[in-house]
Amino acid sequence: MDRLESMAVFVKAVDLGSFAAAAVALDVSGPMVGKHVRFLEERLGVRLLNRTTRRQSLTDFGRAYYERCRVVLVEAEAADALAADQFSEPRGKLRVTMPAHFGRHCVTPVLLRLARQYPMLELDLSLTDRFADLAEDGYDLAIRTGALGDKAGVIARRVARQGMLVCAAPCYLQHHGEPRRIEDLADHQAIIYRRLGQIVQPWLFAREMQPALEIMPAGRLRLDDLDAIADAAADGMGLAWLPWWLVRERIEAGALVALLPDQPRYLYDCHALWLQTPHLPLKVRLAVDALAAALPKLMA
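Residues numbered from 1 in each chain as written. Predicted model: local features only at pLDDT ≥ 70, side-chain atom pairs only at ≥ 80, totals over all residues. Heavy atoms only, no water.

Trainee: Break down the packing of helix H1 (residues 3–16) against helix H3 (residues 30–44) for me, citing the residues and quoting the values.
Mentor: Relative to each other, H1 and H3 sit at 115°, their axes nearing to 9 Å. As the angle between them shows, H1 and H3 are arranged roughly perpendicular. Crossing geometry of H1 relative to H3 is assigned as left-handed. Contacts between H1 and H3 pair Arg3, Glu5, Ser6, Met7, Val9, Phe10 and Ala13 from the former with Val33, His36, Val37, Phe39, Leu40 and Arg43 from the latter. (Axes fitted to C-alpha atoms, helices over the stretch in contact; angles between N-to-C directions. Helix = DSSP H or I, 4+ residues; strand = E, 2+ residues; numbered from the N terminus. Parallel < 35°, antiparallel > 145°, perpendicular 65-115°, else oblique. Left-handed = near helix turned anticlockwise from the far one by under 90°. Contact = heavy atoms within 4.5 Å.)

As structure tokens, then:
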């Protein structure tokens, strides 16, 4: 008899609690279920199940063997699915959660291109700064920037690095002068990013072989939208500390000026996260690969 098939029958009999129930589920006869179990017991030389006319129970060895069989069967299914992926295209719903601004400007365009490439792929995208739980909220993929925190049960792959810079409008610099050093920031008005009434974090500046330098600049303007901060900076309202990808076009157009050019940019890691699984679905793998290929170019 086929050992893998016998393992599957044995696991089904344990899961359902009887040979009769397993026979119905597998569409085979009750004696055939017993034959598969006896084949395993004879091959192993040990009893797996204690059976009476009314009930069955696992032996100590049978319980350990049952757990191993489940792992083997999952891996076998994953191997078959991997082979099938080689000759198919992604299909079905791909649910992704991502930060609102980063998602809208950087992640969503990449995933939309992927959806155009694969017509059988459905996208369900959530652009929110709320910290979503992959398992509880049913997401296939999460995109996150910055520190990850607890990664138990989750696989993380860095797909890009987000560089931060200080910028201001030419009209602001004409009136207030240009800061040449980090220490000069104390003499300027800053536009502060705050969320839910609280300042999200200080401005960070990279230092060689040292922790990042934290600066909490003074500012009379506080906004909870990064695009609005960029607009206010372009309108001459003060200095802004923003991601390069968000202000690049404004800088290239001359609406904003990148400041402190000799200061290395602080870099946030951007990760794609998914739940640990024996087989990564094709739709998730292709999405992660597409992001890893495209985002560094968008953020360079």
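Trainee: Describe in detail the nonpolar core, supporting the description with residues and values.
Mentor: When a protein is soluble and globular, its nonpolar side chains tend to lie buried together. In terms of nonpolar packing, the biggest core is built from 46 residues, with Phe102, Leu141, Ile143, Leu242, Val247, Leu291 and Leu295 touching the most fellow members. Leaving out residues up to four positions away in the same chain, isoleucine 143 has contacts with Val96, Thr97, Met98, Pro99, Phe102, Val107, His271, Ala272 and Leu291. Listed in part, the 19 residues of the second largest apolar core include Val11, Val14, Leu58 and Leu73. (Core = buried A, V, L, I, M, F, W, Y, C linked by side-chain atoms within 4.5 Å. Buried < 20%, exposed > 50% of the residue type's maximum accessible area, 1.4 Å probe, protein only.)

Trainee: Outline a nonpolar patch on the surface, supporting the account with residue identities and numerical values.
Mentor: A contiguous nonpolar patch, built from Met1, Leu26, Val28 and Met32 and spanning about 300 Å² of accessible area, is present on the exposed surface. Mapped onto the elements, valine 28 comes out in the loop between helix H2 (19–26) and H3. On the basis of relative accessible area, valine 28 is assigned to the partly exposed category, the value being 37%. (Patch = residues over 30% accessible without salt bridge, like charges linked within 9 Å, V, L, I, M, F, W, Y side chains within 5 Å. Areas by Shrake-Rupley, 256 points an atom, 1.4 Å probe, with all protein chains shown as cover. Salt bridge = Lys/Arg side-chain N within 4 Å of Asp/Glu carboxyl O.)

Trainee: Account for the environment of arginine 195, with residues named and values stated.
Mentor: Along the chain, arginine 195 turns up in strand E7 (residues 191–195). For arginine 195, a relative accessible area of 32% gives the class partly exposed. Measuring from C-alpha to C-alpha, the distance between arginine 195 and aspartate 129 comes to 9.6 Å, with 66 residues separating the pair along the chain.

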